[in-house]
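Working through the structure, step by step
Each chain is listed here by its residues.
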Amino acid sequence: ARRGRIHAELRDPPADTGTLVRAAFPPGHLAGALTVIRAAAAGSRVAAAIEGSAGVGVLDVTVPAESPAAAVARLVAALRAELGRLSEAGAARAVVVYAPDEVRSLTDTHGPVPSLALIRAVKDEVDPEHRTAPGRLADAV
């Protein structure tokens, strides 16, 4: 039921949809990830519900729509900074799956992409005219 709700919200989000941030991390770092998420929510003063697939290292952090956009943006920034400290570069990430427009305007939904230079180089080599999937990669490569 939850998965169907999320897919429906992605296709046609209702006006009162809050923010969904997907946190991915190495499964062996579950305790650290939970600590980071709870601390980031408390520090940003937002209510955050946590659910997901702990065994595969993916947790969904949902924040109610009535949360101030600036506080949600602080939460996302804190998650990215602290999750990055849990493991090797790029192994832990926080991606905004959906959010109100005001939140989207204050944060980068994908966050830093460590391999972006490599992705650009490969795309330039394979597709020099950038005809394939324009704008589909992070940072509109």
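Scope of this entry: the structure provided in the associated data block.

Examined against the element boundaries, Ala78 turns out to sit in helix H3 (residues 69-84). A residue is classified by how much of its surface remains accessible, and Ala78, at 25% relative accessible area, is partly exposed. Sequence spacing of Ala78 and Ala40 is 38 residues, and the spatial spacing of their C-alpha atoms is 5.6 Å.

Further remarks concern a nonpolar patch on the surface. Taken together, Leu118, Val122 and Val126 make up a surface patch of nonpolar side chains, about 310 Å² in accessible area. As for its position among the elements, Leu118 is in helix H5 (residues 116-126).

Here the focus is H3. Look at H3: 23 Å from first C-alpha to last across 16 residues, which is about the 22 Å you get at 1.5 Å a residue. Buried positions along H3 lie against strand S1 (19-24), helix H2 (30-44), strand S3 (58-63), strand S4 (93-98) and helix H4 (101-106).

Bringing the packing of H2 against H3 into the picture now. Packing of H2 against H3 brings their axes to within 9 Å, and their N-to-C directions diverge by 150°. Here H3 runs roughly antiparallel to H2, going by the angle between their axes. Between H2 and H3 the crossing geometry is right-handed. On H3, the residues that touch Ala33, Val36, Ile37, Ala40, Ala41 and Ser44 of H2 are Ala71, Arg74, Leu75, Ala78, Leu79, Glu82 and Leu83. Tallied by class, the residues present in the contact of H2 with H3 amount to 10 nonpolar, one polar and two charged.

Conventions and cut-offs
- Residues numbered from 1 in each chain as written.
- Predicted model: local features only at pLDDT ≥ 70, side-chain atom pairs only at ≥ 80, totals over all residues.
- Heavy atoms only, no water.
- Helix = DSSP H or I, 4+ residues; strand = E, 2+ residues; numbered from the N terminus.
- Buried < 20%, exposed > 50% of the residue type's maximum accessible area, 1.4 Å probe, protein only.
- Patch = residues over 30% accessible without salt bridge, like charges linked within 9 Å, V, L, I, M, F, W, Y side chains within 5 Å.
- Areas by Shrake-Rupley, 256 points an atom, 1.4 Å probe, with all protein chains shown as cover.
- Salt bridge = Lys/Arg side-chain N within 4 Å of Asp/Glu carboxyl O.
- Expected span 1.5 Å × (residues − 1).
- Contact = heavy atoms within 4.5 Å.
- Axes fitted to C-alpha atoms, helices over the stretch in contact; angles between N-to-C directions.
- Parallel < 35°, antiparallel > 145°, perpendicular 65-115°, else oblique.
- Left-handed = near helix turned anticlockwise from the far one by under 90°.
- Nonpolar A, V, L, I, M, F, W, Y, C, P; charged D, E, K, R; others polar.

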